[in-house]
Amino acid sequence: MTIRVGLPLFLSIVLVRVLKKTLSLPLSVWVFYYNMNRYILFFFSLLLSLSVSAQKVILSDELLPLSGENNTTVYFEKDSRKPLQGEWRIKRELDEETISFSNGLMDGKYHRYRDGVLRETGAYDQGKRNGVFTEYYQDGKTVSKITPMKKGKIDGCVKTYFKDGRLDLEKEYQESVENGFEKRYDSQNGAQILETRWVNGKKDGVEWKLTKQGDGVESKVTRTYRMGVLHGAYKEEVLRNGNPILVVEGQYADGERSGVWKEYDATMKTTSVLRNNH
């Protein structure tokens, strides 16, 4: 005959047996366990206090920043004139930063807080930002901006976000100079509203941009740049529910209107022709 015992009943039996054995211990053993727990508690408290004290605190106006090699900044204590070493907490008005230093150079993981809330994370390598830096909104969780860094310069695609997490902007950089595409997005529906191309910090190629006017009306501008100057086809449209109601188009040459320009009014169904002197 097999007796099945439920889990709660089984645990109760085990607990009763443990208590019987524990209560039967002599007083000396109880004292030993009591003292041992006190020592363990003291040990962990000591470790905690040591870890806190290892991170030194300094105000920003107590720092002496000096220019170092390779466009770096070397930080010294004003009073001692010694370069910062080890882990530090720097208080800068509303912000507070935590960072490690090596011979006065920021070196290691970086955190920036405002009113006790995390606002930025990243890392330094021998005085220069290196890797991905992430900024946060006031909640300390929602990402507001991502910036890829390489040896102190922006290198890659920078992204910014709206408070609801939707993508706001994408922009490509090489060594902190705009190089590549820039795209912007609508805050409500996430649709793309702008695209342009950068070459060595100047717009180059076709750019288009959508702007909402309200009541289902929006304007769309498509234009062409050459090394930062308008040069080539230009077109401006006023749209209602996606259909053009007014269109202006022509050409630019070295930043000025050139040749024949046309204006079409879909409401009046008329086309005007404008000529330029250039």
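Residues numbered from 1 in each chain as written. Predicted model: local features only at pLDDT ≥ 70, side-chain atom pairs only at ≥ 80, totals over all residues. Heavy atoms only, no water.

A. Representation of the overall build of the chain within the structure. When you go through the chain residue by residue, the secondary structure sums to two helices and 23 strands. The contacts of the chain with a sequence gap of at least 6 include a subset with a gap of at least 24, amounting to 13%. Accessible area for the chain stands at about 19,000 Å²; split by element, carbon and sulfur atoms hold 53% of it. (Helix = DSSP H or I, 4+ residues; strand = E, 2+ residues; numbered from the N terminus. Contact = heavy atoms within 4.5 Å. Areas by Shrake-Rupley, 256 points an atom, 1.4 Å probe, with all protein chains shown as cover.)

B. Representation of the nonpolar core in the model. Counting residues in hydrophobic clusters, the biggest one holds 13 residues, and the most contacted among them are Ile99 and Phe101. Elements that contribute at least two residues to this core include exactly strand S4 (86-92) and strand S5 (95-102). When neighbours within four sequence positions are excluded, Phe101 is seen to be in contact with Tyr75, Leu84, Gln85, Gly86, Trp88, Ile90, Met106 and Asp107. (Core = buried A, V, L, I, M, F, W, Y, C linked by side-chain atoms within 4.5 Å. Buried < 20%, exposed > 50% of the residue type's maximum accessible area, 1.4 Å probe, protein only.)

C. Quick look at the environment of Gly152. Following the sequence through the fold, Gly152 ends up in the loop between strand S11 (143-150) and strand S12 (153-154). Gly152 sits 22 residues away from Asn130 along the chain, and the two C-alpha atoms are 6.2 Å apart. Apart from the residues lying within four places of it in its own chain, the contact partners of Gly152 are Lys128 and Arg129.

D. Representation of the pattern of salt bridges in the model. In this structure the tally under the stated criterion is 15 salt bridges. Note that Glu178 is salt-bridged to Lys171, the shortest N-O span being 3.5 Å. Given the relative accessible area of 12%, Lys171 is considered buried. Its salt-bridge partner being Lys203, residue Glu207 comes within 2.7 Å of it at the nearest N-O pair. A relative accessible area of 22% places Lys203 in the partly exposed class. (Salt bridge = Lys/Arg side-chain N within 4 Å of Asp/Glu carboxyl O.)

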